[in-house]
Amino acid sequence: MSLFRLDLKVVNESEERTRFALSLVNLSELQLTDWTLNFSITRFLDSASCTVGQLTQTGSFCTLSALPTLDAYQVFTTEFDMPTPPLQLQCDGILEAFIESSEHHCVAVTPLQLLAPNSVEHGIEPVESAQIAIIPKPNNLDPMQGVFEFVIGEAMYIESSMATEAALWLCESKPQLKLSITQQPARIHFKAMSCLSTAAYQLDVSNSTITISAGDAQGFGHAVASLLQLFENDTSLACVKISDSPAYHYRGMMLDCSRHFHQIEQVKLIIDQLARYKYNHFHWHLTDDEGWRIEIKAFPELTDIGAWRGKNLPLAPQFRHIDSTYGGFYTQEQIKEVIAYAQRRGIIVVPEIDIPGHCRAAIKALPNLLLDPEDASIYRSVQHYTDNVLSPALEGTYEFLDKVIAEVVELFPAPYVHIGADEVPEGVWTDSEKCQALMKKHNYQDPKELQGHLLRYVENKLSGFGKRMLGWEEAQHGDKVSQQTVIYSWQSEQAAIECARKGFDVVLQPGQYTYLDMAQEFDATESGFYWANITPLKHAYHYQPLQEIALDDPIQQKVWGIQAALWCELVDNEKKLQYMVHPRLQAIAEVCWTEAHNKDWSDFTARLKVDLAQLDKRGIQYRNPWY
């Protein structure tokens, strides 16, 4: 039992500000003198509004100092403001806390007391389980009579090497069948069919045979993904005829491994889930303000220093695990292992090295290279940092980029690299003599042009390695990158439409529908954010891409596809990760794959009921939409 308890409650709120009362209850006989309270909160606090003590904040990490003596069994109270509209969720409050005095003390944090907390008493409409429960829904499926019964130990006829990995996946997923591969005709036949389009497949399951047809490895993998969902028990399949292909050729998910570090096995599990729901891209967010997660041999400091957070380390604690050293990184050998695993599942791994903002971990790791001590620019990023942006005017910035890019492109076989480019705050570079000189040299009128200057350099560097540059919608700020850069829209779908009108290829990742870190229901106890909106399962499922754009509009051809995203400020363990991903990953899979006229909410939930039972069997967590 903790000797101290922290309570936080909302005492007043308006459309622009929220006022809190913080109480620290001493449950012990100890007297605290010369003590500080450290805590984490994702929102920005107005330090000047603090009534007792001095409040400082770096990112999510706050320190309250200059505090009065706290006697045994007494309560310390202070108040402060947050410049934000009314709060909706308990996770908007303090996440963790600890006390530093002559000793270190853990603090038990109670849930935020909201003025008007919402609660939801029931889930989605009840449904009967579907007889055939494939997600995403195939675009052409005919149920047939009967079942196919496997014979333990039977062989599968592989007509083309393109089918080998898909066949091995089936073997691994159903070890009880003891399946093997043969070059001789057999009841289970993987058949090459060159007339089928990319990623398309046909699946014919009768009482006596299974025929899987595709024209490429992707198609065979998607066929096995459907086959795995047809099992009625350990040895029998429902008989069907399926002819299927995707609505969009790019179907992805981004996982943030910087804010909290996720172990290799959890990354592989997500990749496996992506394959099961017919995604084909895994976007790996490897660097950010809170941690650098990829080994770069040219700069060991990036992981020696930039991968770790702690009270007395260059990177302050953030979010969770704030009272200990926290972090981790992936070695290049581990990354190769993940890439190989993903390739076997038909998944392209897209690395993201986020620049020029979101670079605090890199700057703290390499200050001699990346820090301009003469830059007096004043800014604050969305995540409350004042020192997280690379300088386009430092030679060290380009040395850093050259060496990092060289190792990244060598490591990742994907034909593209994502470079972030989002959320560069206003005010950056404005009071830097070097940056102002660079602007004058090139006759730039707006500091945003410096961002474009830097990104154009990276685009050209990547192009020299035969790679296309990908970036968030801000990558085109400053009008310097070419239309070879692919834009990922995140603030809205409209951003993608505007970029497509300018000639950019785009990927749709609107936070209003595809962000898996948004809370899943209008209930105060749910975890997540809601800057885009609360995103229940039904809302995610009903995303209709480019609904207002005519089918013959040329920008339809500029859309590669759709991507889901999980940012992990609040996701620090595998159970929470799985809970936030499922079942909205399944809903967005159907948006990516299934033609709009084939989608039906009630039909989806009937199939989902079966799918979630399979997740139970596999020990995978999810949010139950039926409660």
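Keep in mind the model is a prediction, meaning the values are calculated, not measured.

## A short note on the sheet that holds strand β27 (residues 559-566)
At step 1: Read around the barrel, eight strands follow the order β16-β17-β22-β23-β24-β25-β26-β27 and close on themselves; strand pairing throughout is parallel. Sheet twist, expressed as the mean angle between neighbouring strand axes with direction ignored, is 30 degrees.
At step 2: Contacts between helix α8 (residues 395-411) and the sheet are confined to β22 (348-355) and β23 (416-420), with β22 contributing the most and set at about 170 degrees to the helix.
At step 3: In the packing of helix α15 (residues 584-593) onto the sheet, the strands contacted are β16 (250-256) and β27, and the crossing angle to β27 comes to about 175 degrees.

## So, the side chain of Gln-520
At step 1: By secondary structure assignment, the location of Gln-520 is in the loop between α12 (511-514) and α13 (537-541).
At step 2: Judged by relative accessible area, Gln-520 falls into the buried class, the value being 4%.
At step 3: In this structure the side chain of Gln-520 is engaged in a polar contact, spanning 3.0 Å, whose partner is the backbone oxygen of Tyr-579.
At step 4: Residues in contact with Gln-520, not counting those within four places in the same chain, are Glu-526, Ile-534, Thr-535, Pro-536, Leu-537, Tyr-579, Met-580, His-582, Pro-583, Arg-584 and Arg-623.

## Overview of the UniProt feature "active site" (unreviewed entry) in the protein chain
At step 1: As recorded in UniProt, the feature "active site" (unreviewed entry) lies at Glu-423.
At step 2: Among all residues touching Glu-423, those that are not within four sequence positions of it are His-358, Val-382, Gln-383, Glu-474 and Trp-490.
At step 3: Within polar-contact distance, the side chain of Glu-423 engages the side chain of Gln-383 at 3.3 Å.

## Observations regarding the layout of surface pockets
At step 1: Put simply, the largest pocket is a space of about 840 Å³.
At step 2: When the residues that make up the lining of the largest pocket are grouped by side-chain class, the tally is 16 nonpolar, 10 polar and nine charged.
At step 3: For the lining of the largest pocket, the domains that each give at least three residues are domain 1 (4-109) and domain 3 (250-415 + 422-461 + 545-618).
At step 4: Lining the second largest pocket are 22 residues, with Lys-174, Leu-228, Gln-229, Phe-231 and Gln-614 sitting closest to its centre.
At step 5: The element that contributes the greatest number of residues to the lining of the second largest pocket is helix α16 (residues 601-618), accounting for six residues.

## Some remarks on empty space enclosed by the protein
At step 1: Taken as a whole and assessed by the stated rule, the structure comprises two cavities of 30 Å³ or more.
At step 2: As for the largest cavity, its lining consists of Ile-353, Ile-355, Leu-401, Val-404, Ile-405, Val-408, Val-409, Val-417, His-418, Ile-419, Val-458 and Leu-462.
At step 3: Looking at the lining of the largest cavity element by element, the count peaks at five residues for α8.
At step 4: Roughly 30 Å³ of internal volume is contained in the second largest cavity.
At step 5: What lines the second largest cavity is Gln-88, Leu-89, Asn-118, Glu-521, Phe-522, Asp-523, Ala-524 and Ile-534.
At step 6: Here the lining of the second largest cavity is built from residues that sort into four nonpolar, two polar and two charged.

## Considerations on the pairing of strand β8 (residues 104-109)
At step 1: Across two bridges, strand β1 (residues 4-13) lies against β8 in parallel orientation. What sits directly across from Leu-6, in β8, is Val-109.
At step 2: Taking the residues between adjacent antiparallel strands as the criterion, strand β7 (residues 96-100) and β8 are bridged by three residues.

## Digging into the packing of helix α3 (residues 264-276) against helix α14 (residues 574-581)
At step 1: Remark: α3 packs on α14, axes separated minimally by 11 Å, with the N-to-C direction vectors making an angle of 15 degrees. The angle between α3 and α14 falls in the class roughly parallel. Seen along the crossing, α3 lies across α14 with a hand that is right-handed. Contact with α3, carried on its side by Gln-266, Leu-269 and Ile-270, involves Glu-574, Leu-577, Gln-578 and Val-581 of α14 and no other residues of that element.

## Things to note about α3
Residues three or four positions apart in an α-helix share a direction because the helix packs 3.6 residues into each turn.
At step 1: Helix length check: α3, at 13 residues, gives a terminal C-alpha distance of 19 Å against a target of 18 Å (1.5 Å per residue), a fit within 8%.
At step 2: Most of α3 is tucked away: 11 of the 13 residues are buried.
At step 3: Within α3, the full set of buried residues consists of Ile-264, Gln-266, Val-267, Lys-268, Ile-270, Ile-271, Asp-272, Gln-273, Leu-274, Ala-275 and Arg-276.
At step 4: Immediately beyond the C-terminal end of α3, within one or two residues, lies Lys-278, with a positive phi of roughly 65 degrees.

## Observations concerning the environment of Ala-298
At step 1: The topology assignment puts Ala-298 in the loop between β19 (291-292) and α4 (301-304).
At step 2: If sequence neighbours within four positions are ignored, Ala-298 has contacts with Lys-403 and Glu-407.

Rules behind the numbers
- Residues numbered from 1 in each chain as written.
- Predicted model: local features only at pLDDT ≥ 70, side-chain atom pairs only at ≥ 80, totals over all residues.
- Heavy atoms only, no water.
- Pairing = 2+ DSSP bridges.
- Helix = DSSP H or I, 4+ residues; strand = E, 2+ residues; numbered from the N terminus.
- Axes fitted to C-alpha atoms, helices over the stretch in contact; angles between N-to-C directions.
- Contact = heavy atoms within 4.5 Å.
- Buried < 20%, exposed > 50% of the residue type's maximum accessible area, 1.4 Å probe, protein only.
- Polar contact = N/O pair within 3.5 Å; in protein donor to acceptor, adjacent residues only side chain to side chain.
- UniProt positions renumbered as here; feature names shortened; annotations may be inferred.
- 1 Å grid on protein atoms, 1.4 Å probe; cavity = no way out; pocket = protein on both sides within 12 Å on 5 of 7 lines; lining within 4 Å.
- Points joined across faces, edges and corners; volume = space filled by probe spheres on them.
- Nonpolar A, V, L, I, M, F, W, Y, C, P; charged D, E, K, R; others polar.
- Domains from an automatic or database assignment.
- Parallel < 35°, antiparallel > 145°, perpendicular 65-115°, else oblique.
- Left-handed = near helix turned anticlockwise from the far one by under 90°.
- Expected span 1.5 Å × (residues − 1).

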